[in-house]
Amino acid sequence: MFSFPRMLKVFRDQALQDAFEKDGFVIVPFYTDSEIKELTDLYYRLHPKDEKGFFPSTFSKDLNYRTIADSEIRRVDQRAIDQYLENYKVICGSFIVKSPGPESAMCVHQDMTLVDESKYTGINIWVPLCDLTPTNGAIQALWGSHRLYPTYRHSSIPNFYESIDNEIKPYLETLYLKAGQALIFDQSIIHFSEANMSDKVRIVCNTFFTNKDAKFNISYWNKDFAPNKVELFEQDDTFMTNFEQFGENIADRPKIGKSMGLVDYNFPKMTLEDLHRIYGKPKEELPVKKPLLKRVFESLFQ
Ligand SMILES: O=C(O)CCC(=O)C(=O)O
């Protein structure tokens, strides 16, 4: 099993880099009003008619939609990316859409492993094109959860928090971003979003980037064949736009990429006691307040 590396610098600004390393995410202004309009218009021009519930463009069967969303989002992003980032490579731009309705909820999760995390970090720039509210599926995230356990992540691999899924939810902070603000987050942060119960579609542009020299690596677990190991697959940088299994059969063995063989994995498990020891116990009479959590986190990890 690998250990966490010293993160490679990707933010030009050292204070942003430090905050990102410590918390696992930062929030910054990203799109201008005219960029928001341009991307919103693009979405309505392109979006497939059969889109329902929670729908990233990377899940779409329509390669044309995936490809144009990718190239256009990256093009519009470049101005802000030049402002914030260095030593990076951008891999994929996509829309993440929540149509109104209960089926648009997203469960508590970490994103699947995409790069070799013994050296590199996979990072999302997640930018809503409308203000987030208590009813339209605002994103929620847990400070510092990117550094709890080194993990391999894929739908076939159990999450370390799977036995405390419900207990962990109150610890996540709801991030009410304004339209055009970016949540830039380490993909291994624990996050989720409630259903969009407003009467409007919630559109987000998401851009995945990583360190300039990072290799694309995904993982897969066949519990019958190799219960204590995971199989790693090298992928090329077009993987996110070309992978057909995001929307379907995501838990199956990847059908593309080069198998790099099996590696040991310890399948970490977080207990309720671990959660309380690290983040404190929620007080029964008070909902957990995130500024308090942030202080707890800072005192533990500084
Ligand atoms: O867009 C959302 O509400 C959640 C996105 C998310 O969790 C993801 O893409 O991993």
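Since the model is a prediction, treat every value here as computed from it, not as a measurement. (Residues numbered from 1 in each chain as written. Predicted model: local features only at pLDDT ≥ 70, side-chain atom pairs only at ≥ 80, totals over all residues. Heavy atoms only, no water.)

(A) How the structure looks around the sheet that holds strand β1 (residues 25-29). As summarised here, the arrangement of the 6 strands in space is β1-β8-β5-β10-β3-β2, forming an open sheet in which the pairing is antiparallel. In the strand order of this sheet, the two ends are held by β1 and β2 (54-56), each with one partner. Put simply, the sheet's adjacent strands are angled 25 degrees from each other on average, direction ignored. Contacting β1, β5 (122-128) and β8 (181-186), helix α1 (residues 14-23) crosses the sheet at an angle of about 140 degrees to β1. Taken strand by strand, helix α3 (residues 63-84) contacts β1, β3 (88-98), β5 and β10 (202-211), and its axis lies near 120 degrees from that of β3. (Pairing = 2+ DSSP bridges. Helix = DSSP H or I, 4+ residues; strand = E, 2+ residues; numbered from the N terminus. Axes fitted to C-alpha atoms, helices over the stretch in contact; angles between N-to-C directions. Contact = heavy atoms within 4.5 Å.)

(B) Looking closely at the pattern of salt bridges. Within the structure shown, the criterion is met by 17 salt bridges. Across the salt bridge formed by E21 and R6, the nearest N and O atoms sit 3.0 Å from each other. Taken together, the positions of E21 in helix α1 and R6 in the segment before α1 put the pair 15 residues apart, joining distant regions of the chain. Where K200 meets D199, a salt bridge forms, and the shortest distance between an N and an O atom there is 3.9 Å. A relative accessible area of 58% places K200 in the exposed class. Classification of D199 by relative accessible area gives exposed; the value is 67%. (Salt bridge = Lys/Arg side-chain N within 4 Å of Asp/Glu carboxyl O. Buried < 20%, exposed > 50% of the residue type's maximum accessible area, 1.4 Å probe, protein only.)

(C) Inspection of empty space enclosed by the protein at higher detail. Tallied over the entire structure, the rule returns 2 cavities of 30 Å³ or more. The calculated volume of the largest cavity comes to roughly 60 Å³. Looking at the largest cavity, the residues that line it are F4, P5, E117, Y120, T121, H146, R147, D186 and S188. Tallied by class, residues from the lining of the largest cavity come to 3 nonpolar, 3 polar and 3 charged. In this structure, the second largest cavity is lined by Q110, T151, Y152, R153, I157, P158, N159, F160 and Y265. Split by residue class, the lining of the second largest cavity holds 5 nonpolar, 3 polar and 1 charged. (1 Å grid on protein atoms, 1.4 Å probe; cavity = no way out; pocket = protein on both sides within 12 Å on 5 of 7 lines; lining within 4 Å. Points joined across faces, edges and corners; volume = space filled by probe spheres on them. Nonpolar A, V, L, I, M, F, W, Y, C, P; charged D, E, K, R; others polar.)

(D) Structural context of the environment of W221. With respect to the secondary-structure elements, W221 resides in the loop between β11 (216-220) and β12 (229-235). In the structure, W221 is positioned 84 residues away from G137 in sequence and 31 Å away in space, judged by C-alpha atoms. When near neighbours in sequence (up to four residues on either side) are disregarded, W221 contacts S156, I157, P158, A226, P227, K229, V230 and F267. There is a polar contact of 3.4 Å between the side chain of W221 and the backbone oxygen of A226. Reaching out from W221, the side chain makes a polar contact with the backbone oxygen of P227 at a distance of 3.1 Å. (Polar contact = N/O pair within 3.5 Å; in protein donor to acceptor, adjacent residues only side chain to side chain.)

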